[in-house]
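Remarks on the overall topology
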Amino acid sequence: MLTFSEAQVMAWINPLLWPAIRVLALFMTMPVLSRRNVPLRLRIALAFLIVLCAQSSLPEVPVIALDSAQGFLTVVQQLLIGISMGFAARMVFAAVEYAGELIGLQMGLSYAGFFDPATGGQTNAVSRFFEITVSWLFIVINGHLLMVAAVVQSFHAFPVGPEPFAFLREMQPQLWGAEIFRLGLWIALPVIAMLLFVNLILGIVSRVAQQMNVFAIGFPITVSTGLLGILFTLPMMSVPFTVALEQMLEAFQ
């Protein structure tokens, strides 16, 4: 009759359990995979599959009792790291959506709002279009594979241990919000400059030809200029998006 001691069972469970919690926390918060239409069972299965395949490259995981204070702190650490990685990638997406908000506001499309189920707020048409485009771009550039590789490397940078707040002190995730405004302005600046120039021309026309109804012709001209600007700048969006995503994930490696 085969018998197993508690120490043997814990030695088998620990190398799979703690990494799986971190990977699963990442899948719950990262873009695309965190959507409601992705089944929870699929995320759990992918988390354990990735951990199982990465066992040979992971560092040695200490044996920690599940019913101890160290076990609770270790769970907190894995959740913080996984959620922070997903939050970092979500910051890049939010920056692109913020660029769409700025462009849509300058185009006069702020009244055309859509409900965003991810944030529970309203977004304009340009922001919604940028969100869908960057989601496809994330898959095309293998962003999901970059995040999987980053979470595997994070076990070397931040090993499993009962010290959750050491990660927060080192990473300072509360400072990542500035990335939204920096990257958003970087993407939206060319189109905003075009729209500003068009508004300047319309202002001059309204002063020279006062009998012309600028409000009647200004809206279609502004929208057309904004759409042309988006058409010309959309192929260049992949460069700042990829650079920002790689910079955010480098901190975990």
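Values in this document were obtained by computation on a predicted structure and should not be read as measured data. All chains use their own residue numbering, which begins from 1 and follows the written sequence. A pLDDT threshold of at least 70 governs which residues receive local features in this predicted model, and a stricter bar of 80 or more applies before side-chain atom pairs are shown or counted, although totals over entire chains, interfaces and linings include all residues. The basis for every side-chain value is the complete set of heavy atoms in the structure, and neither hydrogens nor water enter the calculation.

Some points on the overall build of the protein chain
In terms of regular secondary structure, the protein chain is built from nine helices and two strands. By the criteria applied, helices consist of DSSP H or I runs no shorter than four residues and strands consist of E runs no shorter than two, each listed in order from the N terminus. Ordering the α and β elements of the protein chain from the N terminus gives α-α-α-β-β-α-α-α-α-α-α. Counting over 253 residues, the protein chain shows a buried share of 40%. Any pair of residues with heavy atoms lying within 4.5 Å of one another is described as a contacting pair. Long-range pairs, those at least 24 residues apart, make up 78% of the contacts in the protein chain between residues at least 6 apart in sequence. Total accessible area on the protein chain stands at roughly 13900 Å², and carbon and sulfur atoms take up 70% of it. Residue burial is assigned from relative accessible area. The probe radius is 1.4 Å, only protein chains are included, and a residue is buried under 20% of its type maximum, exposed over 50%, and partly exposed in between. Here the open area of atoms and residues is found with the Shrake-Rupley method and a 1.4 Å probe, where only the protein chains shown may cover a residue.

Section: the nonpolar core
Residues Ile103, Met107, Phe130, Phe241 and Phe252 are the most contacted members of the largest nonpolar core, which totals 60 residues. Sort the elements by how many residues they give to this core and helix H3 (residues 69–107) lands first, with 14 residues. Ignoring sequence-local partners within four residues, the contact set of Ile103 consists of Val126, Phe130, Ala188, Val191, Leu195 and Ile230. Definition used in this section: a nonpolar core is a set of buried Ala, Val, Leu, Ile, Met, Phe, Trp, Tyr and Cys residues joined via side-chain atoms within 4.5 Å.

A look at the packing of H3 against helix H4 (residues 125–140)
To obtain an axis, a line is fitted to C-alpha atoms, over the contacting stretch when the element is a helix, and the angle between two such axes runs from 0 to 180 degrees between their N-to-C directions. Running from amino to carboxyl end, H3 crosses H4 at an angle of 150°, the nearest separation of the two axes being 7 Å. By the angle between their directions, the pair H3 and H4 is classed as roughly antiparallel. As H3 runs across H4, the sense of the crossing is right-handed. Here Phe93, Val96, Glu97, Ala99, Gly100, Glu101, Ile103, Gly104 and Met107 of H3 come into contact with H4, specifically with Val126, Ser127, Phe130, Glu131, Val134, Ser135 and Phe138. When residue character is reported, Ala, Val, Leu, Ile, Met, Phe, Trp, Tyr, Cys and Pro are called nonpolar, Asp, Glu, Lys and Arg charged, and the others, Gly included, polar. Tallied by class, residues from the contact of H3 with H4 come to nine nonpolar, four polar and three charged. Throughout, the term roughly parallel applies to angles under 35 degrees, roughly antiparallel to angles over 145, roughly perpendicular to angles from 65 to 115, and oblique to all others. What makes a crossing left-handed is the near helix being turned counterclockwise from the far one by less than a right angle; a clockwise turn instead makes it right-handed.

A look at the pattern of salt bridges
One side-chain nitrogen of Lys or Arg within 4 Å of one carboxyl oxygen of Asp or Glu is enough to make a salt bridge. On inspection of all chains with the given rule, the structure shows three salt bridges. Across the pair Glu131 and Arg35 runs a salt bridge whose closest N-O atoms are separated by 3.9 Å. Of this pair, Glu131 sits in helix H4 while Arg35 is found in the loop between helix H1 (6–29) and helix H2 (40–53), placing the two residues 96 residues apart along the sequence. Across the pair Glu97 and Arg90 runs a salt bridge whose closest N-O atoms are separated by 3.4 Å. Judged by relative accessible area, which is 9%, Glu97 ranks as buried. In the salt-bridge network here, residues are joined through shared partners; they are Arg35, Arg128 and Glu131.

Some remarks on the packing of aromatic side chains
For Phe, Tyr and Trp, where Trp contributes only its six-membered ring, two rings pair if their centres lie within 6.5 Å, and the inter-plane angle classes them as stacked under 30 degrees, edge-to-face over 60, or tilted in between. Scanning all chains against the criterion turns up four aromatic pairs. A ring pair is formed by Phe93 and Phe138, whose centres lie 5.5 Å apart and whose planes are at 70°; its orientation type is edge-to-face. With Phe93 in helix H3 and Phe138 in helix H4, this residue pair connects regions lying 45 residues apart in the sequence. For the pair shown, Phe93 and Phe138 are each scored as buried. Aromatic side chains Phe129 and Phe130 sit 6.2 Å apart centroid to centroid with 50° between the ring planes, which places their arrangement in the tilted category. Classification of Phe130 as buried rests on a relative accessible area of 2%. Members of the aromatic cluster, connected to one another through ring pairs, are Phe93, Phe138 and Phe241. Just above the ring of Phe155 sits the side chain of Arg22; from NZ or CZ to the centre is 4.0 Å. Think of it as a cone above the ring: NZ of Lys or CZ of Arg counts as a charge over the ring if it is within 6 Å of the ring centre and within 35 degrees of the ring normal.

Notes on a nonpolar patch on the surface
Together, Phe197, Leu200, Ile201, Ile204 and Val208 give the surface a local cluster of nonpolar side chains, amounting to about 520 Å² of exposed area. Tracing the backbone through its elements, the reader meets Val208 in helix H7 (residues 178–208). Patches here: salt-bridge-free residues with over 30% relative accessible area, like charges joined within 9 Å, nonpolar side chains (Val, Leu, Ile, Met, Phe, Trp, Tyr) joined within 5 Å.

Side note on H4
Helix length check: H4, at 16 residues, gives a terminal C-alpha distance of 23 Å against a target of 22 Å (1.5 Å per residue), a fit within 8%. Listed as buried for H4 are Val126, Ser127, Phe130, Glu131, Val134, Ser135, Leu137 and Phe138. A positive backbone phi angle near 60° is found at Asn142, which sits one or two residues after H4. By definition here, a helix of n residues has an expected span of 1.5 Å times n minus one.

Looking at the environment of Met171
Within the secondary structure, Met171 is located in helix H6 (residues 164–171). A residue is classified by how much of its surface remains accessible, and Met171, at 11% relative accessible area, is buried. Taking the C-alpha atoms as reference points, Met171 and Phe252, 81 residues apart in sequence, are found 8.5 Å from one another. Excluding residues that lie within four positions of it along the chain, Met171 makes contacts with Phe158, Trp176, Ala251 and Phe252.

Spatial relationships are all this shows, so hold off on functional conclusions.
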